[in-house]
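# Chain and residue survey
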Amino acid sequence: MIKSFGIKNEDLESNIFPNFYLFKQKIRSFSLRTDITSFSLGDKDVLEVLTDGEHAGQKFLQSGALFIKNSCVKRYSINEFDGFYISNEKNNLLKRSKLVKEDILFTTIGYYVGVSALVNSNIENANINQNVVRMRVNPKITSPQYLSCFLNSKIVRFQIDNLFSGNIYPLLTYPKIKALKIFIKNKTIEETVTKNIIIAEEKNIQSLMLIKEAQSLFLRSLNVDFDSIKKEMFFAANNEQFTHEDMMTPAFYFPLYAKTTNEIAKNNHVEFLSNLVDFENGDEVGSVNYKSYLDRKEGDVPFIRTSDLINYDLDSYPDFFIEKSIFKEITQNVDKEEILFTKDGKIGMVAMTTAFDRCILGSGILRIVPKKDKINPYYLFIALSTKEVGGYQAIQRTVVASTIPHLREDRIGDFSIPILKDQVKIITLTEKAFALKNERKKLIEDSRLLIENSLEV
């Protein structure tokens, strides 16, 4: 439906974009309503802290203090497994940007600026780069849960997009951040959203803890002394190995990867992954069909790319959405209990779908659909999510085409999967974890809709 509205001559500015004036009218109307509490982030006493990360480059290590890049911050989630760490000594020196529980992270640079997530107990004491700010809101003004959720709303997205009309590479400076208007319909809605997000974060932490417990149990049950397998840096492959294998990359014969797989097979019954599952590929719908977070309708579905897999889950509010009609045409029919595995870009990331997920998967993601008469989906997810099984075998079989890493479907089918006799506890733990993830998604969705719908009444 086409919307029309008028602007007085005296209200015209140099900006020629209609959305700019629609935005001004909408924000003005919210600000004038007596039934809505409104404030700007820059108003006195609203923010106790507003600071970005260290601007100097960091030396990254294999372990230490977690370091959060702006690409790790998604709407309502922070990637805990991106693999960037700095020394604990360096982290303690960077006090200004060291994270505290219930800080709000907000991305400030690039095309997809203005994404917010809340710091939970898993992330506290981590540090951030210069492309993210951390905010600490005065609890007398509002809760961090409500503010973080509101910053992900269409209302704020609308404000941000109109701050950058015509800009190629937007940057959210402090003055721009402070200019953002926040609205609260009433105390009941604020309290409901706050409670929902607190419970959602608790479920997030619980689910990751259960997955970690299941992974540990799985690895212990393999009866392999992984610590005894040394990471040799110099090695050679003999002629006989080349006659039996068709991979010519050094990584395939790297002793840490090859010996780990061999030791697992020595102590356990193993099966090729291709015998246990069906493979389905994602689709590239074309950028012409992408809809932004602001432009999407409620019936449109998330378009999931490799960068949208996070914390063994998929991002329900990614950068792009696809119209419902295209979703129906493509008929991917993604169902719950499917394992998603990235085969392009950052290879080997694993996630599992839940009943909540309704999406279109991009071509860089392989759908692994377990044959349930042969293997339990939750058990297989745990196996593939460990570096010793899924991670090492993915690295072994990855090739670089031009400059882009790629892992072919048939190579993934060659993965060796250990089949433990006793899988019950592993499955039970993992089922609980993904039930919690499903509940978390519902709570976040309820909160998002509550905020956006309340202001339109």
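Reference entry: report on the structure contained in this document. Source: prediction; values computed, not measured.

## Observations regarding the overall build of the chain
Within the chain one finds 14 helices and 25 strands. Relative to the compact-globule value of 23 Å for 457 residues, the chain shows a C-alpha radius of gyration of 24 Å, a close match. Dimensions of the chain, computed from the C-alpha atoms along their principal axes, are close to 85 × 55 × 45 Å. For the chain, the proportion of its 457 residues judged to be buried stands at 51%. For the chain, the proportion of contacts with a sequence separation of at least 24, taken over those separated by at least 6, is 77%. Surface summary for the chain: the accessible area is close to 22,200 Å², and the carbon and sulfur share equals 52%. Once the 60 positive and 59 negative side-chain charges of the chain are each reduced to a mean point, those two points are 4 Å apart.

## Considerations on the sheet that holds strand 9 (residues 127-128)
Pairing between sheet strands relies on hydrogen bonds along the backbone, with the strands arranged either parallel or antiparallel. Taken in spatial order, the three strands of this open sheet run 6-3-9, and their pairing is mixed. Strand pairing shows two members of the sheet lacking a second neighbour, strand 6 (85-86) and strand 9, which therefore form its edges. The sheet contact formed by strand 3 (residues 65-68) and strand 6 spans two bridges and is antiparallel. Residue pairing for strand 6: L66 is matched across the bridge by Y85.

## Side note on the nonpolar core
Ranked by internal contacts, the top residues of the largest apolar core, which has 48 residues, are F218, L273, I368, L380, F381, F415 and I417. Sequence-distant contacts of F381, that is, excluding residues within four places in its chain, are made with I211, Y312, I339, V350, A351, M352, T430 and F434. The next biggest cluster of nonpolar side chains, apart from the first, holds 42 residues, and it includes F106, F150, F183 and I197.

## Re the packing of helix 3 (residues 144-151) against helix 14 (residues 424-454)
Relative orientation of the contacting elements helix 3 and helix 14 amounts to 75 degrees, with a least axis distance of 10 Å. Accordingly, the angle class assigned to the pair helix 3 and helix 14 is roughly perpendicular. When helix 3 is examined against helix 14, the residues Y146, C149 and F150 are found in contact with a partner set consisting of S447, R448 and I451. Its residues assigned to classes, the contact of helix 3 with helix 14 comprises four nonpolar, one polar and one charged.

## As for the packing of helix 6 (residues 187-221) against helix 14
Here helix 6 crosses helix 14 at 160 degrees, and the two axes come no closer than 8 Å. Here helix 6 lies roughly antiparallel to helix 14, going by the angle between them. For the element pair helix 6 and helix 14, the recorded crossing hand is left-handed.

## A closer look at the side chain of E338
Following the sequence through the fold, E338 ends up in the loop between helix 10 (324-330) and strand 19 (339-342). Exposure remark for E338: the relative accessible area of 4% places this residue in the buried category. At a separation of 3.1 Å, a polar atom in the side chain of E338 contacts the main-chain amide nitrogen of D335. At a separation of 2.8 Å, a polar atom in the side chain of E338 contacts the side chain of R367. Setting aside anything within four residues of it in sequence, one finds E338 in contact with N333, A351, M352, T353, R367, I368 and V369.

## Here's the deal with the packing of aromatic side chains
For the structure shown, the criterion picks out 18 aromatic pairs. Their ring planes at 65 degrees and their centres at 4.9 Å tell us that F60 and F84 sit as a pair that is edge-to-face. Linking F60 in the loop between strand 2 (47-52) and strand 3 with F84 in the loop between strand 5 (77-78) and strand 6, this pair joins segments that are 24 residues apart in sequence. Using a relative accessible area of 33% as the deciding quantity, one classes F60 as partly exposed. Ring centres of F381 and F434 lie 5.0 Å apart, and the angle between their planes is 85 degrees; this geometry places the pair in the edge-to-face category. Note that F381 is positioned in helix 11 (residues 377-385) and F434 in helix 14, a separation of 53 residues in sequence. Summarising the burial analysis for this pair, F381 and F434 share the class buried. Through pairs of rings, three or more aromatic residues link up here, namely F81, Y312, Y378, F381 and F434. One Lys or Arg, K69, reaches over the ring of F84 and ends 3.9 Å from the middle of that ring. Above the plane of the ring of Y293 lies R75, whose end atom (NZ or CZ) is 3.8 Å from the centre.

Cut-off values and rules
Note that residues are indexed from 1 along each chain, following the sequence as it is written. Two thresholds apply to this predicted model, a pLDDT of at least 70 for residue-level local features and 80 or more for giving and counting side-chain atom pairs, whereas whole-chain, interface and lining totals are computed over all residues. Side-chain calculation: all heavy atoms of the structure are included, whereas hydrogens and water are not. Under the DSSP-based scheme used, a helix requires at least four consecutive residues in state H or I and a strand at least two consecutive residues in state E, with every element numbered from the N terminus. To get the radius of gyration, use the C-alpha atoms; to get the globule rule, take the number of residues to the power 0.38 and multiply by 2.2 Å. The classification of residues rests on relative accessible area computed with a 1.4 Å probe and restricted to protein chains. Under 20% of the type maximum is buried, over 50% is exposed, and intermediate values are partly exposed. Here a residue-residue contact requires only that any non-hydrogen atoms of the pair lie within 4.5 Å. All accessible-area figures derive from a Shrake-Rupley calculation using a 1.4 Å probe, and residue coverage is judged against the displayed protein chains alone. Under the counting rule used here, the positive set is Lys and Arg, the negative set is Asp and Glu, and His together with the chain ends is not counted. One atom stands in for each charge, and that atom is NZ of Lys, CZ of Arg, CG of Asp or CD of Glu. We treat two strands as partners when DSSP finds at least two bridges between them. In this description, a nonpolar core means a group of buried Ala, Val, Leu, Ile, Met, Phe, Trp, Tyr and Cys residues linked to one another through side-chain atoms lying within 4.5 Å. Here the axes come from fitting lines to C-alpha atoms, over the contacting stretch only for helices, and the angles between their N-to-C directions go from 0 to 180 degrees. To sort the angles, those under 35 degrees are grouped as roughly parallel, those over 145 as roughly antiparallel, those from 65 to 115 as roughly perpendicular, and the leftovers as oblique. Residue type decides the class: Asp, Glu, Lys and Arg count as charged, Ala, Val, Leu, Ile, Met, Phe, Trp, Tyr, Cys and Pro as nonpolar, and the leftover types, Gly among them, as polar. Note on convention: near helix rotated counterclockwise from far helix by under a right angle means a left-handed crossing. Clockwise means right-handed. Any pair of nitrogen or oxygen atoms within 3.5 Å is treated as a polar contact; in protein, a donor-acceptor pairing is required on top of that, and neighbouring residues in sequence qualify only through side-chain atoms on both sides. Note on aromatic contacts: the rings of Phe and Tyr and the six-membered ring of Trp form a pair at centre separations within 6.5 Å, being stacked when their planes are under 30 degrees apart, edge-to-face when over 60 apart, and tilted otherwise. The rule is short: NZ of Lys or CZ of Arg within 6 Å of the ring centre and within 35 degrees of the ring normal puts a charge over the ring.

Geometric descriptors of this kind do not, in isolation, establish any biological role.
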